[in-house]
Amino acid sequence: MTLEQIKEILPTLENVEFQLENGTFVPEHFHVTEVGQITKNFIDCGGTIRNEKVVNFQLWNADDYEHRLKPGKLLNIIQLSEEKLGIENAEIEVEYQAETIGKFDLDFNGKSFVLKNKTTACLAEDACGIPSQKQKVNLSELNNTCCTPNSGCC
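Residues numbered from 1 in each chain as written. Predicted model: local features only at pLDDT ≥ 70, side-chain atom pairs only at ≥ 80, totals over all residues. Heavy atoms only, no water.

Considering every residue of the protein chain, the mean pLDDT works out to 89; 87% of them sit at 70 or more. Considering each helix and strand of the protein chain separately, the mean pLDDT is smallest for helix α3 (residues 125-128), with a value of 80, and largest for helix α1 (residues 3-9), with 98. (pLDDT = per-residue confidence, 0-100. Helix = DSSP H or I, 4+ residues; strand = E, 2+ residues; numbered from the N terminus.)

A few words on the sheet that holds strand β5 (residues 101-108). Sheet strands associate in pairs through backbone hydrogen bonding, adopting either a parallel or an antiparallel arrangement. One open sheet holds the six strands; their spatial order is β1-β6-β5-β4-β3-β2, and the pairing between them is mixed. Edge positions in the sheet fall to β1 (18-20) and β2 (31-43), since each of these pairs with one other strand and no more. Within this sheet the neighbouring strands show an average axis-to-axis angle of 40°, counted without direction. Sheet topology places strand β3 (residues 49-60) next to strand β4 (residues 92-97); five bridges connect them, and they run parallel. Note on β4: the bridge partner recorded for F57 is V94. Against the sheet, helix α2 (residues 71-85) makes contact with β2 and β3, and its axis sits at roughly 45° relative to β2, the strand it touches most. (Pairing = 2+ DSSP bridges. Axes fitted to C-alpha atoms, helices over the stretch in contact; angles between N-to-C directions. Contact = heavy atoms within 4.5 Å.)

With that settled, the discussion passes to the state of the cysteines. Counting across every chain of the model gives zero disulfides. Free of any disulfide, C122 has its nearest neighbouring cysteine sulfur in C45, separated by 3.5 Å. We classify C122 as partly exposed; its relative accessible area is 27%. (Disulfide = S-S within 2.5 Å. Buried < 20%, exposed > 50% of the residue type's maximum accessible area, 1.4 Å probe, protein only.)

Moving on to the nonpolar core. Counting 29 residues, the largest nonpolar core has I6, F113 and L115 as its most contacted members. Listed by contribution, the elements that provide at least two residues to this core are α1, β1, β2, β3, α2, β4, β5 and β6 (113-117). Those residues in contact with I6, other than ones at most four positions away along the chain, are M1, F57, I78, I92, L106 and F113. (Core = buried A, V, L, I, M, F, W, Y, C linked by side-chain atoms within 4.5 Å.)

Okay, the side chain of S81 next. Summarising the element assignment, S81 is placed in helix α2. A polar contact of 2.6 Å, which involves the side chain of S81, links it to the backbone oxygen of I78. Beyond its immediate stretch of four places on either side in the chain, S81 contacts V35, G86 and I87. (Polar contact = N/O pair within 3.5 Å; in protein donor to acceptor, adjacent residues only side chain to side chain.)

Moving on to the side chain of S112. By secondary structure assignment, the location of S112 is in the loop between β5 and β6. There is a polar contact of 2.8 Å between the side chain of S112 and the side chain of E17. The residues touching S112, leaving out its near neighbours within four places in the chain, are E17, Q19, F25 and D107.

Let us look at the pattern of salt bridges. Throughout the structure, instances matching the rule amount to eleven salt bridges. Measuring nitrogen to oxygen at the nearest pair gives 2.8 Å for the salt bridge that ties E82 to K7. Taken together, the positions of E82 in helix α2 and K7 in helix α1 put the pair 75 residues apart, joining distant regions of the chain. Of the charged contacts, one joins K103 and E93 as a salt bridge, the two residues approaching to 3.8 Å between their closest N and O atoms. Here K103 is found in strand β5, whereas its partner E93 is found in strand β4, with ten residues between them in sequence. A relative accessible area of 8% means that E93 is categorised as buried. Among the ionic contacts, a cluster of salt bridges with common partners joins E93, K103, D105 and K118. (Salt bridge = Lys/Arg side-chain N within 4 Å of Asp/Glu carboxyl O.)

What follows is the structure in structure tokens.
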């Protein structure tokens, strides 16, 4: 989900809810402690220089059980970050702490924002020698006329 997409969704909501992909909800008294833009410059294992930008939201739980972030307030925080920091439209990455700080992609299921699990990947599989996925075929689907019963090949 991009920053522009969340800005379109927020005015249609009564409450801001975040949910982990496993169905667990982020406690409703969470705070958005940061909104920013992260730029990552790196070289992949194939030697290609890469540049990525994401908009970063950091969610935090406190013992502030009376706190509820309303959609208008989050929209104001986003607009302020765009104005003061020059944040551009990009994919949103959410930081949220469980056992350690996790980074999640963001999606929307029609009611709640969903923190989608991220995975690592090799960006240069062709240069690294990573074999491509072999196609899985059932032996019964092979058209092997050589070794049929009574063919004399065995």
